[in-house]
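# Examining the three-dimensional arrangement
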Amino acid sequence: MNDGALSGLKIVELGEFISAPHCGKLLADSGADVIKIEKPGFGDKARDWGPFPQDIPNPEKSGLFLYLNTNKRGVTLNLNSVVGINIFKELVKWADVLVENCLPQDTEKMGIDYKTLHQINPALVVTSITYFGQTGPYRGYKACDLISLHTSAEAYVNPLYEVYDPEHDPPLKLPGHSGDFLGGLTGAICTMSAIFAQQTSGVGQHVDLSQQEALAWIISREAGDYFDSDIHFQRDRKFKWENSPKYACKDGYIMMVITDQFWNGLLEMMGNPDWANEDAFQTPVSRVKNLAKSQPKIAEWMKKHTVAEVESAARTQHLPFSVIHSVKEVTADEMFTAREFFVDIDHKVAGKIRFPGAPCKFSATPSKIKRPAPLLGEHNYEVYCQMLGYSPENLVKMKQTGAI
Amino acid sequence: MQKLPLENIRVLDFTQVRMGPQLTQWLAVMGAEVIKIESKLRPDYFQMIAVSSKLSGQNNNRVGYFASMNYGKLSITLNMKHPKSIELIKQMLKHIDIVAENFRTGVMEHWGLGYEDLKKIKPDIIFYSGSGFGRTGPMKDVPAFAPVIGGFSGFVFENGYPDGEPAEPGCQGWTDSIGAEQGLFAVLAALYHRSKTGEGQYLDLSMVESELAFAPEAAIEYAMNGKVRGRVGNRDDVMAPHGCYRCKGVDKWVAIAVSNDEEWVALCKSMGNSELAKDKRFSDALCRRDNQDELDRLIEDWTRKHDHYEVMKRLQEAGVMAGASLNIEDLGSDPHLKERGFLVDIEYPDKTKIRRLASPLNLSSTGRGIYKYAPALGEHNRYVFGELMGMSDEEIKRLENEEVLY
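Not measured: the values here are computed from a predicted model.

Broken down by element type, chain B carries 18 helices and twelve strands. Judged by the C-alpha coordinates and their principal axes, chain B covers about 85 × 50 × 40 Å. In chain B, which comprises 406 residues, the share counted as buried stands at 56%. Put simply, of all contacts in chain B between residues at least 6 apart along the chain, 67% involve residues at least 24 apart.

Structure representation (structure tokens):
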């Protein structure tokens, strides 16, 4: 019986918006038992973000929240109350992992810093996802996705080879909340790493994940070029514009990668133009050297054709090619239907929604959506009474006094 | 010293170029023994294009791009065209926990090394197979490169200035890296499952699906309301001001975001313009959003006069979200990253040293993992075929002469 690859792993998630919840989602969708803690009354601020069906805001219908919190149980808990903190510590005793994205100064203030939790449960892995980490001069800096992308140099080099005047066109953040999502994904990886260490040593650790580092690491190859050879990667067109794989057609844009193995196919596609017979284009090495000469010719050909014409020709030649899809074209593509990539979720309040599913197919433990995102406090009874043993009367009192 | 997380794990690494090697490199940093299969007949792509490195020529071009993707791995040479190589891999399998590959669909099966083949030899093998569009479906045979994937997934369409063209993300490795990390998480989850049940499995990771699952907001919005998200530059749906502003110097910028009225007042004060906080055009979140163009101009009038690090410091002290827009050079000298140990110096046997960014893995006892040098071609033939598999030196020499280990 498949309960998911991480079946049996117990996670408490304390955090909001994207980074910690995305980490929790990856673990939950893989079968871990994730209990998500939200503030009483308001809940996770992703509930206010949307998008909402028909643009009518409703905290139980926010697309971002519903996507990020599949497969989790949800409870409300007020960590600014003594009762709340005590209940939190009981949950921590139950858990294998705590995933959180609070500011370091806030976990300290609440008395739930790693040192304290380690005393309560020495086997506990605590994954703290923050923008700048638990140590260093920027510790505790307030930030958001935009700030993380800019402080990691990811923005500085974006968009690639596009900018005519870097003095005028600023470094650019990436689409959506790429920084926050990466914080979550890297957090899930580091969590698993700490779990394996715990399996051999019996002792937990603090995973101090800085989103700035998670993002900067992705640029490590380019950083390597700088450290080795003083090359300064940048968004300025002057810097290697001829390497750009993007082409404008009559009615849209396409991406085509032309490495040497595809050179002849490319020429076939363009009807074997005369210019390609010049000496400059006869060997792999010379072709690389003369990209600045061939690129304008290729770009000119592209401009004369529609996207559909180029697509058909490129496919015939088996070239690495893609139309630059908008989300409309992407979601309509038959490939995703064939792969059963999108999942249909039926939520108690929000109704039926279609979401992207899991990017990896596991042969033995495929990902499943066993439950949609929880309603606010949906599992208070199940967790506090059934699991921790509080009486229903106590539960009512906790609600009345604002502890949950 | 605490044991490394994957100290007892061994990986047979067929991957090439970027997405696959990046995944297996993470495994090496976590302590796994990663055996990279290479061949003189088929040099790694990055080794071929490593012409830019000032250090190339030393260590057989095993620096530059190649080093960035392959440090810490072991290298063996195997001529996959020789039937004896297939035999050797099958013999090696008893020592292997994870097989990783990102060839075109069907290549491993063609060699008789597909998952079903390997499972017969080692039933609990974890077989990771990464590709552009997945191993099933109508596009399973389409050659995948990161820019193509980025175009297909909708990510490129959404990237760029509002009045500009769709653009490739600046870090060319973005799409590769997302695929690598999604794949890595899947491998670690499979490893966990095996540790509990003894069961291995086959992992079919699709790069384009990795990117869609990672950047789902446009797809969610489209599914819900039929709206197509376009390019928004540095702006946000909700927060204003939210952007990137010129500072003193050449190509120096700072990112600033304000999420509530309190932060807005603090920003005005920091700019030495408390009056602005009372300005009706910007007094609440809705007005600030509506008058963003004017707001951005006013803020930039101030930031232009200051150093970007200075602006970050001053605004952070006032409780305003701000960050200097760092370039790659800054990553090497930033005091915060330095103090946190985010730079590593990796030493080769000939005492050449290269500097790299460390992994974001940062565990309180285990630290940041292990960083060894990128191997020379076939450097570990003797270790793998001799020590691990028990062949004699003569046998190994013979195989080298027969161009099996080649």
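Helix and strand counts for chain A come out as 17 helices and twelve strands. Referenced to the eigenvectors of the C-alpha coordinate spread, the extents of chain A come out at roughly 85 × 45 × 45 Å. Per-residue burial for chain A yields a buried fraction of 53% across its 404 residues. At a minimum sequence separation of 6, the contacts of chain A that also span at least 24 residues come to 71%.

With that out of the way, let us pick up the sheet that holds strand E4 (residues 97-100) of chain A. Residues and elements named next belong to chain A. Strands sit in the order E3-E2-E1-E4-E5-E6 across an open sheet of six strands; the sheet is parallel. At either margin of the open sheet sits one strand with a lone partner, and together these are strand E3 (72-76) and strand E6 (206-210). Ignoring which end each strand starts from, the neighbouring axes of this sheet average 20° apart. Bridge analysis of E4 against strand E5 (residues 125-130) gives four bridges, and the strand direction is parallel. Within E5, the residue paired with Glu 100 across the bridge is Ser 128. Relative to strand E1 (residues 10-14), helix H1 (residues 19-29) is tilted by about 160°, and along the sheet it contacts E1, strand E2 (33-38), E3, E4 and E5.

Turning our attention to the domain arrangement of chain A. You'll often see interface size given as the accessible area lost when the parts meet. For chain A, the domain assignment lists domain 1 (10-146 + 178-218 + 337-400) and domain 2 (253-323). If you average the C-alpha positions of domain 1 of chain A and of domain 2 of chain A, the two centres end up 47 Å apart.

With 121 residues of chain A at the contact, the number on the chain B side is 127 residues. Sorting elements by how many residues they give to the side of chain A that touches chain B places helix H7 (residues 178-201) of chain A first, with 16 residues. For the side of chain A that touches chain B, a count of residues per class yields 71 nonpolar, 30 polar and 20 charged. Pairing analysis gives three bridges linking strand E12 (residues 360-362) of chain A to strand E7 (residues 201-206) of chain B, with the strands arranged antiparallel. Pairing of Lys 361 of chain A across the sheet is with Asp 204 of chain B, part of E7 of chain B.

Our focus in this paragraph is the sheet that holds strand E8 (residues 253-256) of chain A. All names here are of chain A. Spatial strand order, E7-E8-E9: three strands in an open sheet with antiparallel pairing. Here the strands that pair on one side only, and so sit at the sheet edges, are strand E7 (246-248) and strand E9 (321-323). If you compare each strand with its neighbour and ignore which way they point, the axes differ by 25° on average. Across three bridges, the pairing between E7 and E8 is antiparallel. Directly across from Ala 248, in E8, lies its bridge partner Tyr 253.

All right, on to the pairing of E4 of chain A then. Residue and element names in this part refer to chain A. Residues of E4 alternate between two faces, with Val 97 and Val 99 on one and Leu 98 and Glu 100 on the opposite face, all of them buried. Looking at chain direction, E1 and E4 are connected through four bridges and run parallel. Residue Glu 13 lies in a different strand from E4, and its bridge partner there is Val 99.

Let us look at unusual backbone geometry. Of note, the bond from Asn 158 of chain A into Pro 159 of chain A is cis; its omega dihedral lies within 30 degrees of zero at 5°. Residues Ala 240 of chain B and Pro 241 of chain B are joined by a peptide bond in cis, for which omega reads -5°. The topology assignment puts Pro 241 of chain B in the loop between helix H10 (217-225) and strand E8 (242-246). The phi dihedral of Tyr 161 of chain A is positive, around 55°, even though this residue is not glycine. When you line up the elements, Tyr 161 of chain A lands in the loop between helix H6 (145-151) and H7.

In this section: H7 of chain A. Helix length check: H7 of chain A, at 24 residues, gives a terminal C-alpha distance of 34 Å against a target of 34 Å (1.5 Å per residue), a fit within 8%. Buried residues dominate H7 of chain A, accounting for 20 of its 24 residues.

Here the focus is the packing of H7 of chain A against helix H8 (residues 174-197) of chain B. Running from N to C, H7 of chain A and H8 of chain B cross one another at 30°; their axes reach a closest spacing of 9 Å. As far as their axial angle goes, H8 of chain B and H7 of chain A are roughly parallel. You can see that H7 of chain A and H8 of chain B cross each other, and the crossing is left-handed. Here Leu 185, Thr 186, Ala 188, Ile 189, Met 192, Ile 195 and Gln 199 of chain A of H7 of chain A lie close against H8 of chain B, whose contacting residues are Glu 181, Gln 182, Leu 184, Phe 185, Leu 188, Ala 189, Tyr 192 and Ser 195 of chain B. Split into classes, the residues belonging to the contact of H7 of chain A with H8 of chain B amount to ten nonpolar, four polar and one charged.

All right, on to the environment of Asn 79 of chain B then. Tracing the chain through its elements places Asn 79 of chain B in the loop between strand E4 (74-77) and helix H4 (83-92). Considering only alpha carbons, one finds Asn 79 of chain B and Gly 137 of chain B, 58 residues apart in sequence, at a separation of 31 Å.

The next subject is the environment of Ser 148 of chain A. The residue Ser 148 of chain A is located in helix H6 in this model. Distance from Ser 148 of chain A to Ile 18 of chain A, taken between C-alpha atoms, is 13 Å for residues 130 residues apart in sequence.

With that settled, the discussion passes to the pairing of E7 of chain B. Residues and elements named next belong to chain B. Burial analysis of E7 places six of its six residues in the buried class, the great majority of the element. Here E7 shows two buried faces, one formed by Gln 201, Leu 203 and Leu 205 and the other by Tyr 202, Asp 204 and Ser 206. Where strand E6 (residues 126-131) meets E7, six bridges bridge the pair, whose relative direction is parallel. The residue bridging Tyr 128 from the neighbouring strand is Leu 203, located in E7.

This part takes up the packing of H8 of chain B against helix H9 (residues 207-214) of chain B. Residue and element names in this part refer to chain B. At a closest axis distance of 9 Å, the pairing of H8 and H9 adopts a crossing angle of 90°. The orientation of H8 with respect to H9, classified from their angle, is roughly perpendicular. Contacts from Thr 175, Ile 178, Gly 179 and Gln 182 in H8 reach Met 207, Ser 210, Glu 211 and Phe 214 in H9. Classifying every residue of the contact of H8 with H9 by side-chain character gives three nonpolar, four polar and one charged.

To continue, consider the confidence of the model for chain B. Here chain B shows a mean pLDDT of 93. Residues at 70 or above account for 95%. Predicted complex metrics record ipTM = 0.96 and pTM = 0.96.

Moving on, we come to the environment of Thr 365 of chain A. Relative to the helices and strands, Thr 365 of chain A resides in the loop between E12 and helix H16 (380-387). The class of Thr 365 of chain A is buried, set by 22 C-beta atoms lying within 10 Å.

Quick look at H9 of chain B now. The buried fraction of H9 of chain B is high, at eight of eight residues. Met 207, Val 208, Glu 209, Ser 210, Glu 211, Leu 212, Ala 213 and Phe 214 of chain B are the residues of H9 of chain B that are buried.

The rules behind each value
- Residues numbered from 1 in each chain as written.
- Chains lettered and ligands numbered in written order.
- Predicted model: local features only at pLDDT ≥ 70, side-chain atom pairs only at ≥ 80, totals over all residues.
- Helix = DSSP H or I, 4+ residues; strand = E, 2+ residues; numbered from the N terminus.
- Buried ≥ 20, exposed ≤ 12 C-beta atoms within 10 Å, placed from the backbone.
- Contact = placed C-beta atoms within 7 Å.
- Pairing = 2+ DSSP bridges.
- Axes fitted to C-alpha atoms, helices over the stretch in contact; angles between N-to-C directions.
- Domains from an automatic or database assignment.
- Nonpolar A, V, L, I, M, F, W, Y, C, P; charged D, E, K, R; others polar.
- Expected span 1.5 Å × (residues − 1).
- Parallel < 35°, antiparallel > 145°, perpendicular 65-115°, else oblique.
- Left-handed = near helix turned anticlockwise from the far one by under 90°.
- pLDDT = per-residue confidence, 0-100.

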